[in-house]
Amino acid sequence: MIGLALRSLKFHKGGFIASFIALFFGATIVIACGGLMETGVRGLAEPQRLSAAPLVITGEQSYPESNKVFRERVRLDASAVSKAAAVPGVQAAVPDVSIPAAVVPAGGKGGVTATGHGWDSARLGSYRLVQGSAPEAAGQIALDSRLAARAGAKAGDRVTLGLHGTMATYRVTGLVNGPGAAETLFLSDSDAARHAPQRDKVDSIGILTRPGADAGQVRAALAEAFAGAPVAVLSGDERGRAEFPDVVTDSKNLVSMSAVFGGMSVMVTVFVVASTLGLSLQQRQRQMALLRAIGSTPGQVRRMVLAETFTIALFATALACVPGPRVGHWLLGRFVDAGVVPDMLIHRAGWVPMLVGVGAGLVTSLGAAWIAARAASRTRPTEALAEASLQRRRLNWIRLLFAVLCLAGGATLAIVTVNVDGTVAGSTATPAAMLWTAGFGLLGPTLSRLMTALLRWPLRAVTGFSGQLAMLNAKARPARLAGAVMPVMLATGLATALIYLQTTQNQGAQQAFEDNLRADLVLTSVSGGMPSSLADGIGKEPGVAAASAYVPSSGFLEPSKEEMDAYDGKGRRPKGERVQITGVSAAGIERTTAIRTVSGDLADLKGDTVALPESSSGGHRIGDRIPMRMGDGSVVEPRLVATVGDQRGYGAALMPAAVVAAHTTDGVVPQILVAAAPGTDPAQLAAELTGSGAPLPGLRAVDRADLVSASAEQNDTQTWVAYLLVAMVVGYSVIALVNSLVMATGERRREFTLQRLVGATRGQVMRMMTVEALLTALAGLALGMLVAVLTLVPLSKAVLARALPAGSPSILLAVLVSALLLTVGTTLLTTRVALRTRPSAAIGSRE
């Protein structure tokens, strides 16, 4: 059977080449997305500052028994250092902390950002002094030689250093060289402990093993010593997670993004390959009919088709393993350029993504081939030739069942999308688009007949005899028309839905940001942060109406005691619900933002308290204790003092700024929102707050317009990354569109020849095909727009509280015009090529 299949490939090159192209590009995209997913799951980064330590102990960033991660660095108790040092095989356990810092020149303007560490941790990265001496006493620092050059400092100089929201003068005792980032400085161990973001906590512990000790055994002993604690013992490139915690938090975004678009690519591949193979086998119905007429059994016909398809799929997917990982690596580079993932993240694409890509291609192609060959193989020999001639396509109950299931799933997800928060609406709208597309695709022949009936009279009225002939062709061969219409629907529906999905979400986030921000100024510091008490002082400055600290973070609302009691070890353990947490100042938050109280009083937001969004209050009453996990994994139970509006899902739980800052990676307040008093010029107020008489040296002020502009630019950058992945999926759909149109038109040489032999001119054939192409394009565009509307209206309702999505009308115009030009252009070009064949040659050619 394989030999017969291989011989048959020579006589049906067009269909097999189209199938090969569809499988190759589909597998390439799936392998690329699979590599990105593996990269995100592994979350590896080559260690730099900790490279001399064969093992590193750090806090476990994952939420217990979940794939969710904490946004802030999970730190270790300082007591863990002595505990690790007591493990057999450990020569030294060296604590490390990272402290946001800035080297500020004289005058307090500007500054070079840096990260400070204790001097003892310098041996974890094999740093060596190249000038001066080590910082051993309070008030002394050693600078990386590259940082010193940028700051214009040398050994013996005194510099102003911003540390943990404070400014002080330090003496540079030495310069060092090492493998870490250029923005590195070392403090004395006493100063490092004093300025650490969290007292009595360390970021990580570098383990130096004894000579001759086996690192694997030491790692196992450390894991046993810290069993049951939220601690991770790392080796190899895993150590980079301790040095660069963003690798863990941001790589999870890469996992979700690649999973969504990888899954979408698989679904598009299923659709495209099934359509391409189905159209290819429809063109061979006469051959199948002859095989059945001369005695071939249904099983033999199916096995021949499966063998042909398997041969093509094997070569196509195997070849895709070459460019797939390279495409994934290129995509990761673009994500790094956009700031979505850190540049130290190592791309890893092993055999699993390739196996998934190859497996998806093989399973998809063989499944599509089996379905497509089933109708031909079940035809009775006495009806075979008539069946081939008529090309009837019945809607069997299996196809109808799956169509109904897909459409029901799309409707269900649409309802869910309308009722979820705007921030997560895209996660349900995207699969809804695929389900709508799949459902309409399964109903292809029926929908094609319907669209033909709707467009018949308008097209015939405009195009005359050519239109009448085109309509007769469409009515006689609905299966062929469906094979051409469905790729148009796929390309236009996905392009419109996915592009406007991104613009709508972008607009929703930006609108929520602008609506929420009522401050005239936003203060920041060259040192990266400010003390939480500074906001109260600024609120009393002349010309200031109100000031509030602003500390963004996130955490989890934990299951209540009643939920845990009901669980009691039975069934699935309740999980925490992620919630945005914002640290604010009770005195100024309502004057500097649009946050409004629904119940309770934000003035009570002091100490161990919280104000929840109304949708997250979960039946809790004012005064209840709310179990939560902060951004660093710490478990707290603040008292509920108020509930606030939801802002279409963009709201956050509010807590005192000092409380939230204590559980963040940097441990400081990054921003202070300032509302100017009536009649006060914001520009003049900014100059007074950041000038020589500033409440804190090194303050910077940004007005509201600049902040809104910066937020919009950041949103555009994030959206561009999604556009890149959308372009890949839509581009693949366009390839399928061109593939299908070339196949559907190219196989009609005999038909065109017969028309020529009975007197039709080339121009008349071209005009007939122009009408058919318009019919195909209009039907596909109508169905594609239906997919887009069913996807985008629920999304827009959730994100913007209106039915119309956000985005330029030019996007829709570009999609419509591109699809129309591609469909008509490809059809006419293929027809022109087919008409070059002499009638005598075409009428005797093989089918």
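Residues numbered from 1 in each chain as written. Predicted model: local features only at pLDDT ≥ 70, side-chain atom pairs only at ≥ 80, totals over all residues. Heavy atoms only, no water.

A. Broad picture of the overall build of the chain. Within the chain, the regular secondary structure consists of 27 helices and 24 strands. Classification of the 847 residues of the chain by burial places 52% in the buried group. Summarising the internal contacts of the chain: among those between residues at least 6 apart in sequence, 83% fall at separations of at least 24. (Helix = DSSP H or I, 4+ residues; strand = E, 2+ residues; numbered from the N terminus. Buried < 20%, exposed > 50% of the residue type's maximum accessible area, 1.4 Å probe, protein only. Contact = heavy atoms within 4.5 Å.)

B. Just the pattern of salt bridges, in detail. Under the criterion given, the structure shown has 16 salt bridges. A salt bridge links glutamate 183 to arginine 150, with the nearest nitrogen and oxygen atoms 3.0 Å apart. Linking glutamate 183 in the loop between strand S9 (166-177) and strand S10 (184-187) with arginine 150 in helix H4 (residues 145-151), this pair joins segments that are 33 residues apart in sequence. Among the residues examined, glutamate 183 registers a relative accessible area of 30% and is labelled partly exposed. What makes arginine 150 exposed here is its relative accessible area of 51%. Between arginine 625 and aspartate 608 there is a salt bridge whose closest N-O contact spans 2.9 Å. In this pair, arginine 625 sits in the loop between strand S18 (609-613) and strand S19 (628-629) while aspartate 608 sits in the loop between strand S17 (597-600) and S18, placing the two residues 17 residues apart along the sequence. One salt-bridge network, held together by shared partners, links Arg73, Arg75 and Asp203. (Salt bridge = Lys/Arg side-chain N within 4 Å of Asp/Glu carboxyl O.)

C. Highlighting the nonpolar core. Ranked by internal contacts, the top residues of the largest apolar core, which has 99 residues, are Val268 and Phe335. For this core, the element with the highest residue contribution is helix H25 (residues 762-800), accounting for 15 residues. Excluding anything up to four places from it in sequence, valine 268 contacts Met434, Leu490, Leu494, Val729, Tyr732 and Ser733. Of all hydrophobic cores here, the second largest spans 38 residues; its members include Ile57, Val97, Ala101 and Val172. (Core = buried A, V, L, I, M, F, W, Y, C linked by side-chain atoms within 4.5 Å.)

D. Representation of the pairing of strand S7 (residues 140-144) within the structure. Most of S7 sits out of view: five of its five residues are buried. Summarising the sheet, S7 and S9 pair through five bridges and their orientation is parallel. Among the inter-strand pairings, aspartate 144 is bridged to a residue of S9, identified as valine 176. In this structure, S7 lies alongside S10, joined through three bridges in antiparallel fashion. Its bridge partner lying in S10, alanine 142 is registered against phenylalanine 186. (Pairing = 2+ DSSP bridges.)

E. Up close: the side chain of aspartate 191. Tracing the backbone shows aspartate 191 in helix H5 (residues 189-195). Beyond its immediate stretch of four places on either side in the chain, aspartate 191 contacts Ala137, Ala138, Gly139, Gln140 and Tyr170.

F. Expanded view of the environment of arginine 334. Tracing the backbone through its elements, the reader meets arginine 334 in helix H11 (residues 323-337). We classify arginine 334 as partly exposed; its relative accessible area is 22%. Remark: the alpha-carbon pair of arginine 334 and tryptophan 720, spanning 386 residues in sequence, is separated by 9.8 Å. Excluding residues that lie within four positions of it along the chain, arginine 334 makes contacts with Trp720 and Leu724. Looking at arginine 334, its side chain comes within polar contact range of the main-chain oxygen of tryptophan 330, at 3.1 Å. There is a polar contact of 3.0 Å between the side chain of arginine 334 and the side chain of aspartate 337. (Polar contact = N/O pair within 3.5 Å; in protein donor to acceptor, adjacent residues only side chain to side chain.)

G. Highlighting the packing of helix H16 (residues 444-476) against H25. The interhelical angle for the contact between H16 and H25, taken along N-to-C directions, is 150 degrees, at an axis separation of 9 Å. Taken together, the axes of H16 and H25 are roughly antiparallel relative to one another. You can see that H16 and H25 cross each other, and the crossing is right-handed. A class-by-class count of the residues in the contact of H16 with H25 yields 15 nonpolar, six polar and two charged. (Axes fitted to C-alpha atoms, helices over the stretch in contact; angles between N-to-C directions. Parallel < 35°, antiparallel > 145°, perpendicular 65-115°, else oblique. Left-handed = near helix turned anticlockwise from the far one by under 90°. Nonpolar A, V, L, I, M, F, W, Y, C, P; charged D, E, K, R; others polar.)

H. Fine view of the packing of aromatic side chains. Within this structure, the stated rule accounts for eight aromatic pairs. Ring geometry for phenylalanine 24 versus phenylalanine 25: centroids 5.3 Å apart, planes at 75 degrees, classification edge-to-face. We classify phenylalanine 24 as buried; its relative accessible area is 19%. With a centroid separation of 5.6 Å and 90 degrees between ring planes, the pair formed by phenylalanine 70 and phenylalanine 556 is classed as edge-to-face. With phenylalanine 70 in the loop between strand S1 (55-59) and strand S2 (76-77) and phenylalanine 556 in strand S15 (residues 544-557), this residue pair connects regions lying 486 residues apart in the sequence. The class for phenylalanine 70 is buried, based on a relative accessible area of 4%. (Phe/Tyr/Trp six-rings, centres within 6.5 Å; stacked < 30°, edge-to-face > 60°.)

I. A look at a nonpolar patch on the surface. Together, Trp397, Ile398, Leu401, Phe402 and Leu405 line one region of the surface with nonpolar side chains, adding up to about 540 Å² of accessible area. In this structure, leucine 405 sits in helix H14 (residues 397-419). (Patch = residues over 30% accessible without salt bridge, like charges linked within 9 Å, V, L, I, M, F, W, Y side chains within 5 Å. Areas by Shrake-Rupley, 256 points an atom, 1.4 Å probe, with all protein chains shown as cover.)

J. How the structure looks around the packing of helix H15 (residues 425-442) against H16. Their axes nearest at 5 Å, the elements H15 and H16 cross at an angle of 80 degrees. As far as their axial angle goes, H16 and H15 are roughly perpendicular. Taken together, the residues of H16 that come into contact with H15 (itself represented by Phe440, Gly441 and Leu442) are Gly444, Pro445 and Leu447.

K. A look at the side chain of threonine 690. If you trace the backbone, threonine 690 turns up in helix H22 (residues 682-690). Within the structure, the side chain of threonine 690 is placed 2.7 Å from the backbone oxygen of alanine 686, a separation counted as a polar contact.

L. View of the environment of proline 353. If you trace the backbone, proline 353 turns up in helix H12 (residues 351-378). For proline 353, a relative accessible area of 4% puts it in the buried group. Linking proline 353 and methionine 37, residues 316 residues apart in sequence, is a C-alpha distance of 8.5 Å. What proline 353 contacts, discounting residues up to four positions off in sequence, is Ile31, Gly34, Gly35 and Glu38.

M. Spatial organisation of the sheet that holds strand S13 (residues 231-235). One open sheet accounts for four strands, arranged S3-S12-S1-S13; its pairing is antiparallel. The outermost strands of the open sheet, each flanked by one partner alone, are strand S3 (90-96) and S13. Strand-to-strand twist in this sheet, taken as the mean axis angle between neighbours without regard to direction, amounts to 25 degrees. Two elements, S1 and S13, share five bridges in a ladder whose sense is antiparallel. Across the sheet, residue leucine 55 finds its bridge partner in S13, namely serine 235.

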